[in-house]
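Notes for the structure review
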Amino acid sequence: MTASSVLTDLHEREQIAQVSDLSALDDHLTTAPRVVYSGFDPTAPSLHIGNLVPLLALKRFQEHGHRPIVLIGGATGLIGDPSGKEAERALNTRERVSEWVALCKEQVFKYFDDSGSNALKVVDNLEWSEDFKLVDFLRDIGKYFSVNAMVQRDSVRTRLEREGSGISFTEFSYMLLQANDYLELARRHDCSIQIGGSDQWGNIVSGSDLVRRALQRPAYALTLKLLTKNDGSKFGKTAAGTVWLDAELTSPYSFYQYWFNIADSEIGNALHTFSAKTTSERTELIAQSLERPEARLAQKAIAQELTRLVHGESALQATQRITDALFGGSIADLTMTDLGQLWQDGLARAELSDNVPLSVALCDTKLAQSRSAARRLLDSGGVSVNGTPVKDVNFELHRADALFGEFHLLRRGRKSWGIARHLS
């Protein structure tokens, strides 16, 4: 690979999984600015941190002078990609998918430069798919596809081989729709490269083959390694669920804490994949973290960088303020919005009417296993409410004493926290 190629950057980040023709793609990228795209189906009202892998890879292409296209699948989202799924997806309504398309479109612009000749372009494949005539589609697109080859794709074969599973014609057709997206972008915008996760290899190769056969021009496929934890579980999944990019679904505080709590054995891959730091900066930071694992230097760096990128500087300051307050500072520094983040998903929580015994709230927030255990904690002096130690086993939580008239922060010992809120 040439020194100036974006492929060098992705290679140094250890991100490349598969490439259709590495040498030819490298020449293609270094001889002129190119158009590269990645697609995202709207399966929820927000993208998630797994989607950051191809999004930030697209950003690397833009930084090297190429033009990125983000495709939001308003059409393919109505069908459902069988890749990586053990059973048929539930079909969402057109209205819901349309709403999710709009929300996902809004999210992607913050990651890219939207000016100049290589400005980001965002498209919806419903634009060209909605008015398909079935016979025309089968004649013009279907003729290029061998069913024999299609059933050998991993996304299809694994479903066919799984007992009691199978695949509907609806999901079987997904590959043709995605391939046609590549063809349309090649025609409309001279797109010649598609990137995606390694589980998309079959779909992406089908698209590049279609472009080459239908238009007689080069088309390339590149996939990125899927991040998984050491136990094989999906990266970006927690006990509470998916880590979303929307602050209303995953608060900036919980987003920050996710990155800060990445295991030492996994932080190197995360840093190479997500950080904008140079190769030498990343390597040095990983080395420093190995020397002083207790300082969590790499975790703190990636948590700060990505929280700033996804949620902005003010949100990062809020997460750091909350973190400092819970783990060493004063809760008097917390704002109403900060407490709202903790209530949303930051801490175990309890809903209160007025005059609720503290022992009940301790149980509801899992800080105590039982009322009797809660009373023992109180008697031993191991509990504080809003920063004030409480030893009275009959202590009650009143709205008049709540922070901002709503919240009580409960602490057991030094590091175990819960939050209680008076409901209107």
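Described below are features of the structure shown in this document.

For the rest of this paragraph, the subject is the side chain of His28. Relative to the elements of secondary structure, His28 occurs in helix α2 (residues 22–31). If sequence neighbours within four positions are ignored, His28 has contacts with Arg34, Ser192, Ile193 and Tyr220.

Turning our attention to the pattern of salt bridges. Enumeration over the complete set of coordinates arrives at 9 salt bridges. In this structure, Asp9 and Arg13 form a salt bridge, with 2.9 Å as the shortest nitrogen-oxygen distance. Arg13 carries the same exposure label as Asp9, and that label is buried. Residue Arg212 pairs with Asp209 through a salt bridge whose shortest N-O separation is 2.3 Å. Taken together, the positions of Arg212 and Asp209, both in helix α12 (residues 201–215) and 3 residues apart, correspond to about one turn of that helix. For Arg212, a relative accessible area of 32% gives the class partly exposed. Via salt bridges that share partners, Glu127, Glu184 and Arg188 belong to a single interconnected network.

A few words on the nonpolar core. In this structure, Ile49, Val70, Ile195, Phe235, Trp259 and Phe274 are the most contacted members of the largest nonpolar core, which totals 55 residues. Of the residues forming this core, the biggest block, 7 residues, is contributed by helix α3 (residues 52–63). With sequence-adjacent residues up to four places away left out, Val70 is seen in contact with Ser38, Phe40, Leu55, Leu58, Val108, Phe112, Leu120, Lys121, Val122 and Val123. If you look at the next biggest cluster of nonpolar residues, it comprises 26 residues, including Ile69, Phe145, Val156 and Ala179.

Now for helix α15 (residues 279–291). It helps to recall that an α-helix has 3.6 residues per turn; residues three or four apart then point in one direction. Taking 1.5 Å of rise per residue, the 13 residues of α15 would be expected to cover 18 Å, and the 19 Å separating its terminal C-alpha atoms lies within 8% of that figure. For α15, the complete set of buried residues consists of Arg282, Leu285, Ile286 and Ser289. Considered in projection along α15, the buried side chains sweep an arc of 100° and stay on one side of the axis. Facing away from the buried surface of α15 by more than 90 degrees, the exposed residues are Ser280 and Glu291.

Rules and cut-offs
- Per chain, residues are indexed from 1 in the order of the written sequence.
- Where totals are concerned, whole chains, interfaces and linings use all residues; where local detail is concerned, this predicted model gives features only for residues with pLDDT of at least 70, and gives and counts side-chain atom pairs only at 80 or more.
- Side-chain descriptors were evaluated using all non-hydrogen atoms of the structure, hydrogens and water having been removed beforehand.
- Helix and strand definitions here come from DSSP, where helices need a minimum of 4 consecutive H or I residues and strands a minimum of 2 consecutive E residues; each element is numbered from the N-terminal end.
- Contacts were defined at the residue level, with two residues in contact if any of their heavy atoms lie within 4.5 Å.
- A side-chain nitrogen of Lys or Arg and a carboxyl oxygen of Asp or Glu constitute a salt bridge if their distance falls within 4 Å.
- When accessible area is computed with a 1.4 Å probe and restricted to protein chains, residues below 20% of their type maximum are described as buried, those above 50% as exposed, and intermediate ones as partly exposed.
- Residues grouped as a nonpolar core are buried Ala, Val, Leu, Ile, Met, Phe, Trp, Tyr and Cys residues, joined through side-chain atoms within 4.5 Å.
- To estimate the expected span of a helix, subtract one from its residue number and multiply by 1.5 Å.
- Note: the arc covers the axis-to-C-beta directions of the helix.

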